[in-house]
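# Architecture at a glance
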Amino acid sequence: MRRLAVVVLLCIIVGMIAGMVPNASGQHVPEEAKQHILQGKNIIEQARGPLDYLKAQEEFEKAIGIAPEWPDAHYNLALISEELGQEIKAMKSYEKYLQLANTPADKNEVLADIERLKRARETKKKIGMPGVALTALKDGIYLRSFGRFSKLHQAGFNIGDKIVKVNERDAVGIKLEEFYRLLETSFDGQSLGETVQAHSRDKDSKKSVSISIIRGGSPKVIIAPHDAFKSIFFEIEDDEVEEEVIRSPRPVFVVFWADWCQRCGTYLAMLESQAEKHKDEAKFVSINATYNKKVAERFGIRQLPTVLYFKNGSQISAFRELSGDPIGELLATGSISGKGENKNHVAEDILKGLPGIQPSAARYQEKTGKEELGATLKAVPVLKDASREKLGMAVQREQGGFRIMRVLPGSLAERSGLKVGDKIVRINSKELGSFSELEFLNSLESEQNIILYIQRRGE
């Protein structure tokens with residue numbers, strides 16, 4: 001019996017070393033589920049950016065779909081969800097792991113992780129950050145997504161920037177919870193004042209935050225307003241809808257958005273400006289539809305961005321157009337008079353008033369899904385200086401491809417000859433007709449040199 005006990009103990013230790021937590025129920029784990037876990041771990045080990053983390057998360061979720069009672073799958077999903085800033089999903093996965101594993105050796109450690117994530121959730125809720133997607137990588141905090149004309153955009157950040165210091169405090173190798181805490185920590189040291197003076201003489205160090213980033217392999221310091229990451233909106237996840245929306249004693253406005261949605265960034269910035277006038281009358285929350293598919297399906301979200309209005313736990317209205325003051329009208333009367341709810345576009349008169357939007361981009365936004373007459377196919381080679389160099393352009397998903405809505409001055413896209421209005425229909429040999437936005441972005445990043453095949457009007 002003693003020899004048998006030793007053999008069993010050794011098997012358990014070997015299993016834990018291999019990252020395979022034994023199933024407390026003793027059920028057999030299908031080989032297919034194991035392969036998804038292994039594939040997810042391999043993706044993480046070779047990850048070059050946050051899109052790889054999303055792929056790993058998908059692999060872990062596939063494993064859970066095949067073996068829902070396997071503790072190790074839930075544990076791995078918790079780890080990757082935490083790295084992607086999905087605190088609620090990570091907590092639920094940790095709790096499921098503890099339930100299935102019964103009394104694992106790391107129980108106290110996991111319980112401590114859950115408490116830490118609760119604190120992170122409260123800090124993140126206090127900050128807000130709608131439309132801001134972050135990933136904690138080994139070498140810094142990666143800005144995966146944020147809106148055009150948002151506070152971060154106006155402060156000078158670019159998508160793809162990697163944050164390595166906040167107010168001269170190291171942000172390399174830290175978790176998102178620690179990053180949120182850094183944003184909330186005041187720092188009035190003399191060295192920060194000197195940094196502010198050196199980089200931006202017109203800013204007050206007490207009202208600014210010093211962010212050290214890596215952009216294109218080069219270090220840079222951005223002196224941003226102290227509230228650059230803050231908002232009256234705050235992000236929620238699937239499992240928070242009941243508490244934050246349905247059971248809320250206050251009226252609630254919920255905006256659905258996504259990382260890949262180019263229109264969403266502009267829309268969120270405008271929506272926040274309108275919501276600021278009514279912050280004492282209602283609650284404002286945002287939901288990333290990519291990561292929270294259950295709630296998006298629950299409320300029938302088919303287009304992004306979309307705003308839902310709730311009162312006393314019931315959905316009263318939905319809208320997409322921001323002309324006038326739809327928030328004020330809904331709070332006052334419960335309806336939007338003469339505005340036409342559920343519009344399929346952002347009104348052009350709003351776009352005209354925003355800096356950086358070219359008139360042609362507004363026109364193409366109005367013509368989403370329509371082919372341009374006289375367009376011909378043209379091959380545009382794109383030669384990157386670095387494997388992960390960003391093109392520096394905004395696109396809109398259309399039937400058969402992606403329309404270029406904006407090109408940043410001096411960007412790789414501009415240097416390559418891409419123009420606003422071009423429609424990208426192929427990347428190398430890949431036809432884009434059935435591509436999702438995530439697949440399109442991943443294809444842009446996956447190769448050093450690419451050829452984009454575009455349709456350009458008038459050529």
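Residues numbered from 1 in each chain as written. Predicted model: local features only at pLDDT ≥ 70, side-chain atom pairs only at ≥ 80, totals over all residues. Heavy atoms only, no water.

## Re the pairing of strand β2 (residues 140-145)
- Of all six residues that make up β2, six are buried, and the element is covered over most of its length.
- Bridging between strand β1 (residues 133-137) and β2 involves five bridges; their strand directions are antiparallel. When the bridges of β2 are listed, threonine 135 appears paired with tyrosine 142.
- Both β2 and strand β3 (residues 162-166) contribute to a ladder of two bridges, which runs antiparallel. Bridge pairing links isoleucine 141 to isoleucine 163 in β3. (Buried < 20%, exposed > 50% of the residue type's maximum accessible area, 1.4 Å probe, protein only. Helix = DSSP H or I, 4+ residues; strand = E, 2+ residues; numbered from the N terminus. Pairing = 2+ DSSP bridges.)

## Observations concerning the nonpolar core
- Membership of the largest hydrophobic core comes to 40 residues, with the highest contact counts inside it found for Phe253, Phe256, Leu271 and Phe319.
- Judged by nonpolar contacts, the second largest core, of 26 residues, contains Ile163, Val209, Ala228 and Phe229. (Core = buried A, V, L, I, M, F, W, Y, C linked by side-chain atoms within 4.5 Å.)

## As for the pattern of salt bridges
- All chains considered together, the criterion is met by 14 salt bridges.
- A salt bridge links aspartate 113 to arginine 116, with the shortest nitrogen-to-oxygen separation between them at 3.0 Å. A residue pair is termed a helical-turn pair when its members lie 3 or 4 positions apart in one helix, as aspartate 113 and arginine 116 do in helix α6 (residues 107-127) at three residues. There is no split in this pair, since aspartate 113 and arginine 116 are both buried.
- One salt-bridge network, in which partners are shared between bridges, spans Glu82, Asp113, Arg116 and Lys175. (Salt bridge = Lys/Arg side-chain N within 4 Å of Asp/Glu carboxyl O.)

## Notes on empty space enclosed by the protein
- Using the criterion set out here, one finds three cavities of 30 Å³ or more in the structure.
- Considering the residues around the largest cavity, the lining is formed by 21 residues, among which Leu84, Gly85, Lys124, Glu235 and Tyr291 are closest to the centre.
- Contributions of two or more residues to the lining of the largest cavity are made by α6, β1 and α8 (176-184).
- The residue makeup of the lining of the largest cavity, split by class, is 10 nonpolar, four polar and seven charged. (1 Å grid on protein atoms, 1.4 Å probe; cavity = no way out; pocket = protein on both sides within 12 Å on 5 of 7 lines; lining within 4 Å. Points joined across faces, edges and corners; volume = space filled by probe spheres on them. Nonpolar A, V, L, I, M, F, W, Y, C, P; charged D, E, K, R; others polar.)

## Side note on helix α2 (residues 31-45)
- Along its 15 residues, α2 runs 21 Å from first to last C-alpha, staying within 8% of the 21 Å computed at 1.5 Å per residue.
- Every buried residue of α2 is listed here: Ala33, His36, Ile37, Gly40 and Ile43. Down the axis of α2, the smallest arc covering the buried residues is 125 degrees, so these residues share one side. (Expected span 1.5 Å × (residues − 1). Arc of directions from axis to C-beta.)

## Points about the packing of α2 against helix α4 (residues 71-83)
- Two elements in contact, α2 and α4, have axes whose closest approach is 11 Å; the angle formed by their N-to-C orientations is 25 degrees. Comparing their axes, α4 and α2 come out roughly parallel. When you trace α2 past α4, the crossing you get is left-handed. Of α4, the residues touching α2 (which contributes Ile37, Lys41 and Ile44) are Asp72, Ala73, Asn76 and Ile80.
- Across the contact of α2 with α4, the residue classes break down as four nonpolar, one polar and two charged. (Axes fitted to C-alpha atoms, helices over the stretch in contact; angles between N-to-C directions. Parallel < 35°, antiparallel > 145°, perpendicular 65-115°, else oblique. Left-handed = near helix turned anticlockwise from the far one by under 90°. Contact = heavy atoms within 4.5 Å.)

## Focus on the environment of tyrosine 53
- Locating tyrosine 53 in the fold gives a position in helix α3 (residues 50-66).
- Linking tyrosine 53 and lysine 41, residues 12 residues apart in sequence, is a C-alpha distance of 9.7 Å.
- Those residues in contact with tyrosine 53 that lie beyond four places of it in its chain are Ala47, Ile80, Glu83, Leu84, Thr135, Ala136 and Leu137.

## Here we look at unusual backbone geometry
- In this model, leucine 304 is joined to proline 305 through a cis peptide bond whose omega is -10 degrees.
- Positioned with a positive phi, glutamate 168 is a non-glycine residue whose angle comes to about 65 degrees.
- Residue placement: glutamate 168 occurs in the loop between β3 and β4 (169-170).
- A relative accessible area of 34% means that glutamate 168 is categorised as partly exposed.

## Some thoughts on the side chain of lysine 162
- Position of lysine 162 relative to the elements: it lies in strand β3.
- Discounting residues that sit within four places of it in the chain, lysine 162 has contacts with Leu137, Asp139, Gly140, Ile141, Tyr142, Ser212, Ile213 and Ile214.

## Quick look at the pairing of strand β5 (residues 208-215)
- Burial of β5 is extensive: six of the eight residues sit out of reach of the surface.
- Bridge count for β3 against β5 is four bridges, and the pairing is antiparallel. Bridging from a neighbouring strand, lysine 165 pairs with serine 212 of β5.
- Summarising the sheet, β5 and strand β6 (residues 218-225) pair through eight bridges and their orientation is antiparallel. When the bridges of β6 are listed, serine 208 appears paired with proline 225.

Remember, this is a structural readout, not a statement about activity or role.
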